[in-house]
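# Descriptive analysis of the structure
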Amino acid sequence: VTTFSDGTNSYTDVAWDNVGNLYATDDGTSVWRAFSPPNTNYATTVMVPLIQVYPEILAPQFTMPTLNNTQDGVQFSLIGQSNVTYLIESTTDLATWSPVQTNYSSTLIERPITVPLTNDVLFFRASVRP
């Protein structure tokens, strides 16, 4: 299906799941719609609260790190986009990375982060988590 219209809405890009739900983009109203077949459908996937499409995801950046007041952690801010989950990782050798935490914010662009401080961790990075 390339495009079809019901007179009010203009649908493009449709798909079906394994229980018969129909998903379609509605270019007329700029929304994504889900249609469920009649009768009880226990396998319907729970809808996510928000779907955003960015033309591109900006690479996350860190501000200058500082020691927190108790000297057992490092504080910095992650600068990124709203409604994007970032995975923060650490390494000692730039080859083997270990997850430290994930970070999500629906409103903040600059997100405060505190990570544990260990003697062997030298580098941190952040990436968009799928």
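Residues numbered from 1 in each chain as written. Predicted model: local features only at pLDDT ≥ 70, side-chain atom pairs only at ≥ 80, totals over all residues. Heavy atoms only, no water.

## Considering the packing of aromatic side chains
The cut-off we apply is this: Put simply, two rings from Phe, Tyr or Trp (the six-membered ring, in Trp's case) pair if the centres are within 6.5 Å, and we call them stacked under 30 degrees between planes, edge-to-face over 60, tilted for the rest. A run of H or I in DSSP counts as a helix once it spans at least four residues, and a run of E counts as a strand once it spans at least two, with each numbered from the N terminus. Relative accessible area decides the class of each residue, using a 1.4 Å probe on protein chains only: under 20% of the type maximum gives buried, over 50% gives exposed, and in between gives partly exposed.
Within the structure shown, the criterion is met by two aromatic pairs. Pairing Phe76 with Phe124 gives two aromatic rings, centres 5.9 Å apart and planes at 45°, and the pair type is tilted. Here Phe76, found in strand β7 (residues 73-79), pairs with Phe124, found in strand β11 (residues 123-128); they are 48 residues apart in sequence, far enough to count as distant. Its relative accessible area of 7% is what places Phe76 among the buried residues.

## Digging into the nonpolar core
For clarity, the cut-off: What is meant by a nonpolar core is a set of buried Ala, Val, Leu, Ile, Met, Phe, Trp, Tyr and Cys residues, joined one to another through side-chain atoms within 4.5 Å. Whether two residues are in contact is decided by their heavy atoms: any pair within 4.5 Å suffices.
One finds Val74, Phe76, Leu78, Val84, Tyr86, Ile88, Ile113 and Val115 forming the largest nonpolar core, which totals eight residues. Elements supplying a minimum of two residues to this core: β7, β8 (86-91) and β10 (110-116). Apart from the residues within four sequence positions on either side, Val74 is in contact with Pro65, Thr66, Ile113, Thr114, Val115 and Leu117.

## Details of a nonpolar patch on the surface
Keep this limit in mind: Patches were defined on residues exceeding 30% relative accessible area and lacking a salt bridge, with like-charge contacts within 9 Å and nonpolar side-chain contacts (Val, Leu, Ile, Met, Phe, Trp, Tyr) within 5 Å. Note on areas: Shrake-Rupley, 1.4 Å probe, and residue coverage restricted to the protein chains presented here. Put simply, a salt bridge is a Lys or Arg side-chain nitrogen that is within 4 Å of an Asp or Glu carboxyl oxygen.
Taken together, the side chains of Leu94, Leu122 and Phe123 define a hydrophobic patch exposed on the protein surface, amounting to about 300 Å² of accessible area. Topologically, Leu122 is positioned in the loop between β10 and β11. Looking at Leu122, the relative accessible area reads 57%, which means it is exposed.

## Focus on the side chain of Arg111
Rules: The positive count covers Lys and Arg only, the negative count covers Asp and Glu only, and His and the chain ends enter neither. Counting of polar contacts relies on pairs of N or O atoms within 3.5 Å, with two restrictions inside protein: one atom must be capable of donating a hydrogen and the other of accepting it, and residues adjacent in sequence are counted only when both atoms are side-chain atoms.
Structurally, the position occupied by Arg111 is in strand β10. The side chain of Arg111 is buried and forms no salt bridge, while Glu110, the nearest opposite charge, is found at 10 Å. At a separation of 3.0 Å, a polar atom in the side chain of Arg111 contacts the side chain of Asn103.

## As for the environment of Ile88
Its location among the elements puts Ile88 in strand β8. According to the relative accessible area criterion, Ile88 is buried, its value standing at 0%. Excluding residues within four positions of it along the chain, Ile88 makes contact with Phe62, Leu78, Ser98, Pro99, Val100, Gln101, Asn103, Ile113, Arg125 and Ala126.

## With respect to unusual backbone geometry
Of note in the backbone geometry, Asn83 takes a positive phi value of approximately 60° without being a glycine. Looking at where Asn83 falls in the secondary structure, it is placed in the loop between β7 and β8. In this structure, Leu94 is a non-glycine residue whose phi angle is positive, near 65°. Since its relative accessible area comes to 51%, Leu94 is described here as exposed.

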